[in-house]
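# Chains, contacts and geometry: an overview
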Amino acid sequence: MNAARTTRNNSPQSVAPPGATEVTEVSFPIVGIGASAGGLSAFEAFFSGMPADIDPGMAFVLVQHLAPDHKSILAELIRRYTRMQVFEVEDGMLVRVNCAYIIPPNHDMAFLNGTLQLLEPSEPRGRRLPIDFFFRSLAQDQHQLAIGIVLSGTGSDGTLGVRAIKGEAGMVMVQSPESTEFDGMPRSAIATGLVDWELPPAAMPAQLIAYVAHAFGEHSALIAEQTPSNENALKKIFILLRAQTGHDLSQYKTNTINRRIVRRMALHQIESIEDYVRYLQKSRAEVDALFRDLLIGVTSFFRDPQAFQALEEQVIPQIFDNTPPGSVIRVWSTGCSTGEEAYSIAILLQERMEALKQGWTLQVFASDIDRHAIAAARAAVYPASVAADISPQRLARFFTAEADGSAYRINKSIRDLLVFSEHDLLRDPPFSRLDLISCRNLLIYLGAELQKSIIPLFHYALNPSGMLFLGTSESVGGYFNLFSVLDRKAKIYQRQEDFAGKQYAALRRFLPTRTVLSRSSAKGDSPVRLPLREVAEQSLLEQIGVAGALINGQGDIFYLHGRTGAYLEPAPGEAGINNILRMAREGLRLELGMALAKAASSQHVVRVSGLHVKTNGHFSWVRLSVGPVTRGTGVTPESPLYLVTLEESPILDPAAAALPAAGAADTEVDADARMAALTEELRAKDEYLQSTREELETANEELKSSNEEMQSVNEELQSTNEELETSKEELQSVNEELATVNAELNTKVLDLSRANNDMNNLLAGTGIATVFVDHCLRILRFTPSASQIINLIPGDVGRAVGHIVSNLVGYDRLVADVQGVLDTLAPKEAQVRSTAGRWYTMSIRPYRTLDNVIEGAVITFVDITEMRRIEDALAKEQPSLRLAVVVRDAFDAITVHDLDGRIIAWNPAAERIYGWSEAEALLLNVRDRIPPLLRDDALVTLREFDRDRIPEPYHTQRLTRSGAVLEVSVTATALLDASGQIYAMATTERVRDAPAHASGEA
């Protein structure tokens, strides 16, 4: 496989020297596998599913929650299930392809420049997240070559790492929850919506190898080359995305789009972009998946701590200094993803306001085009692993742990500060009158033209001293006339006045028609009025000549018609976008606001008559009308406009009009009386209002007091709850570590059980009786054959050996001998006999452990009965053996023949004297050695021998092999059997000096 290229160093245990800075290029995928409780069986299933005949073409790094004080045997266990080399990581170890690496206990591990770096854990036990830590470093170092796999485990470790890997165009697998022993970690990762596959561990290797082959093998380079050049196919993809999601991504950076498309093609093993377009047309789910891939937001709480420190120390204090207490501070977080960054800013604002001990109204608007991300942000619930990004003080102050300990929830005091909305920065109008805009790591994905239009838009939306907070790789480009640099490293900018008139570009995007003002392209004349004027005039033509204004749902004025000065006046302060509610004169403001709200909710014209409006020191009666505008090119359901008309009413007062006519005098009297009555009624109402106000203040004081008491109780309960949560987290971490140790010990127990079975079978198979005793001479174990020597049954285990009756004869020193061996550590041996008549060699030796510690004694009995029998037989045969030596070394011929004359023994001297070898002689009869003339008489003499009549030595003749006759002196001896009967004759024959010829002498 082409992806299987190795690093520069071929030794997996090579460690970079201290201070080394060499970068080792890794050109093969690195698979990080994270697990916690129940992970051991998942690891075994995963590696058992690896093909046995091919190399995977990648490296595997296993990260598991391990007890810090327990030596891990994970590497030893994994070796049983894979043919790859498996190493426990050492600091600085280089990573090679087709190898597996195991994290050691009590360490965090990171990936840097092709090496694995070990670090001391920075968090206390119970809050360590080694999987997230490794996954994040792997994503930052390897980008699209990073692959993350989350297996069985409790908690949420690995979730933030999954986001990091997906943010770098990597791939993520998760163990299917139904196949896990503990599904907390897999479910937390799945909840992100970023997981590519949910599979049981045994099915993962095949899918993993197929993905690597398509993503990094022979087809990947071809796909990567074709995708950028095929603009027609890319346009079709953008069309499909826009049709289904409503968002146009065609102006995003091409490289980012291409990487995501190539990755999706690799996941589905599609080799051409045209085939992928056809697949998108058939699968709405894949369109959504591609859209989510393109919008992956890599975010976290207080991401880039140095940048947020600059925000906390430089920006937020200045915002509060520029805003008087009681005012509103408005912040906009664009591209907020799942909301971590927006909540981080809200926390900083809340902390600053509490430190100043004064009141402001805080509003944080957070927007994104991903509805799934916005839904997650609104829920304000985050996995427990976010604790690694938040200080313990802020975690305790602004977060509440869920009941099961798997997540944290943002406190209501912070949640209420934020407003989340699905908002397209490129299409929808911006928020306005802002003190801070945070747009971090969004511009880097947009093309240059979009960036040029967004920066002026931000300038328009900010207050005159507003701040802009960008990502570490972003800037305001060429718009330094709009923004000054406040902190270049943290990318914090402050708004400047727009002297070049570039706000027009921002206004063009802000208003619904996006064509509010334009300049003549042919001449440099002043701006000409465009469709909004036509919309207002067309609506006003249907009315009588009245004053009017075209506004949006918030009251911002787009266009004024007629003489509106009698009803509206500019609000004090800096001029900007004028709001009709702030400009309304006395007597008009309240009813105007209510009428606008009713018109916006009902989408019908709302009319109010008899308004008493103060103008230049006198009051006039005014009729008000507010209604939606339904015509015009700028009117859309997303941005409705409203027409406000104001005209002077000819009727002074409807009540006054109903009064009957009277004379002049009566009129004056009635007027005075009416004025007195109205004054009295007004005084009574004032008194009642004052009384009500006092009662309300009293009730408020009581409620405030109760609220303070409840707050105190709540803080105590919260403190107790935080302590319990901390204890719970520690216990949960310890429980996970114990589960891991338990799994390893279970495997060890199985190994020990097999070894014990092998040992029992070995001891039983040898037939050697063995008894194990401890220091107190209590029986620990014995083999079955030992029960034949000492009367043992299984129930005797634990009893003293001296209490057991033995079957040994004449040996009663067993207890003393065992104690002596334990005292002196000198082995002892003895031969003993059982009542059954069998002999044994008894051996008593100290019982030593692998650490050379004496923990008792071992008594063995080796059966030597057969050896003793042989020894006894040999002892009986000793005289015969000595006689045989004499016969062998004698100078006289010694022979033995039976009663029929057959020779049965022939010594070396007989062979030397007569010439026949022993083999030849044993085939002869004694008559063959006697001369013929003497043969008959000699045989008669032999038959007459008995045990009582043995002849005296006599002289006779014997033949040699050559036929010569020798004169010999013969001594005959009878051989008796066990019953005393003669069964053979032994003769000793000595050659006489003078040879003789055959004669008649017998």
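Analysis parameters
- Residues numbered from 1 in each chain as written.
- Predicted model: local features only at pLDDT ≥ 70, side-chain atom pairs only at ≥ 80, totals over all residues.
- Heavy atoms only, no water.
- Helix = DSSP H or I, 4+ residues; strand = E, 2+ residues; numbered from the N terminus.
- Expected span 1.5 Å × (residues − 1).
- Buried < 20%, exposed > 50% of the residue type's maximum accessible area, 1.4 Å probe, protein only.
- pLDDT = per-residue confidence, 0-100.
- Contact = heavy atoms within 4.5 Å.
- Pairing = 2+ DSSP bridges.
- Axes fitted to C-alpha atoms, helices over the stretch in contact; angles between N-to-C directions.
- Phe/Tyr/Trp six-rings, centres within 6.5 Å; stacked < 30°, edge-to-face > 60°.
- Lys NZ or Arg CZ within 6 Å of the ring centre and 35° of its normal.
- Patch = residues over 30% accessible without salt bridge, like charges linked within 9 Å, V, L, I, M, F, W, Y side chains within 5 Å.
- Areas by Shrake-Rupley, 256 points an atom, 1.4 Å probe, with all protein chains shown as cover.
- Salt bridge = Lys/Arg side-chain N within 4 Å of Asp/Glu carboxyl O.
- Lys, Arg positive; Asp, Glu negative; His and termini not counted.
- Charge placed at Lys NZ, Arg CZ, Asp CG, Glu CD.
- Parallel < 35°, antiparallel > 145°, perpendicular 65-115°, else oblique.
- Left-handed = near helix turned anticlockwise from the far one by under 90°.
- Nonpolar A, V, L, I, M, F, W, Y, C, P; charged D, E, K, R; others polar.
- Right-handed = clockwise from strand over helix to strand, strands pointing away.

## Concerning helix 9 (residues 254–267)
Relative to the 20 Å expected for 14 residues at 1.5 Å per residue, helix 9 spans 20 Å between its end C-alpha atoms, a close match to the ideal helical length. Of all the residues in helix 9, the buried ones are Thr-256, Ile-257, Asn-258, Arg-260, Ile-261, Val-262, Arg-263, Arg-264, Met-265, Ala-266 and Leu-267. Phi for Gln-269, located one or two positions after helix 9, is positive at around 55°.

## Thoughts on the confidence of the model for the protein chain
The share of residues in the protein chain with pLDDT of 70 or more is 82%, and the mean pLDDT across the chain is 79. Under a pLDDT of 50 for its full length, residues 1–23 has, in the predicted model, 52 contacts with residues more than four places off or in other chains.

## Observations regarding the sheet that holds strand 15 (residues 407–410)
Read from one edge to the other, the open sheet built from three strands follows the order 13-15-14, with strand pairing classed as antiparallel. In the strand order of this sheet, the two ends are held by strand 13 (381–383) and strand 14 (399–401), each with one partner. Across this sheet, the average inter-strand angle for adjacent strands is 35°, counted without regard to direction. Here strand 14 runs beside strand 15; their pairing, made up of three bridges, is antiparallel. Looking at strand 15, one finds that Thr-400 is bridged to Arg-409.

## Brief notes about the pairing of strand 26 (residues 618–628)
Of all eleven residues making up strand 26, eight are buried, and the element is well covered by its neighbours. Both strand 25 (residues 606–615) and strand 26 contribute to a ladder of eight bridges, which runs antiparallel. The partner of Val-608 across the bridge, within strand 26, is Leu-624. A loop of two residues connects strand 25 with strand 26, the two strands running antiparallel in sequence, and Asn-616 in this loop sits at a positive phi of about 55°. Here strand 26 pairs with strand 27 (residues 641–648) via seven bridges, running antiparallel.

## Remarks on the packing of aromatic side chains
For the structure on display, the rule yields 17 aromatic pairs. Here the aromatic rings of Trp-906 and Tyr-914 are separated by 6.0 Å at their centres, their planes lie at 45°, and the arrangement is tilted. A residue is classified by how much of its surface remains accessible, and Tyr-914, at 1% relative accessible area, is buried. Here a set of aromatic residues connected by ring pairs shows up, and it is made of Phe-301, Tyr-343, Tyr-382, Phe-399 and Phe-420. Above the ring of Trp-839, the side-chain terminus of Arg-868 is found at 3.8 Å from the ring centroid. Its guanidinium or amino end placed over the ring of Tyr-914, Arg-929 lies 4.6 Å from that ring's centre, counting from NZ or CZ.

## Here's the deal with a negative patch on the surface
Together, Glu-694, Glu-695, Glu-697, Glu-701, Glu-702, Glu-708 and Glu-709 line one region of the surface with negative charge. Tracing the backbone through its elements, the reader meets Glu-695 in helix 23 (residues 664–766). Residue Glu-695 is classed as exposed on the basis of its relative accessible area, which comes to 54%.

## Some details on the packing of helix 6 (residues 204–216) against helix 9
Remark: helix 6 packs on helix 9, axes separated minimally by 8 Å, with the N-to-C direction vectors making an angle of 135°. When the axes of helix 6 and helix 9 are compared, the pair comes out oblique. Handedness of the crossing formed by helix 6 with helix 9: right-handed. Contact residues: helix 6 offers Gln-207, Tyr-211, His-214 and Ala-215, while helix 9 offers Arg-263, Ala-266 and Leu-267. By residue class, the composition of the contact of helix 6 with helix 9 is four nonpolar, two polar and one charged.

## Here we look at the pairing of strand 2 (residues 59–64)
Most of strand 2 sits inside the fold, with six of its six residues counted as buried. Across the two faces of strand 2 the burial is the same, with Ala-59, Val-61 and Val-63 and Phe-60, Leu-62 and Gln-64 all buried. Here strand 1 (residues 30–35) runs beside strand 2; their pairing, made up of six bridges, is parallel. In the strand pairing of strand 2, Val-31 is matched with Phe-60. Note that the unit made of strand 1, helix 1 (residues 39–48) and strand 2 has a crossover that is right-handed.

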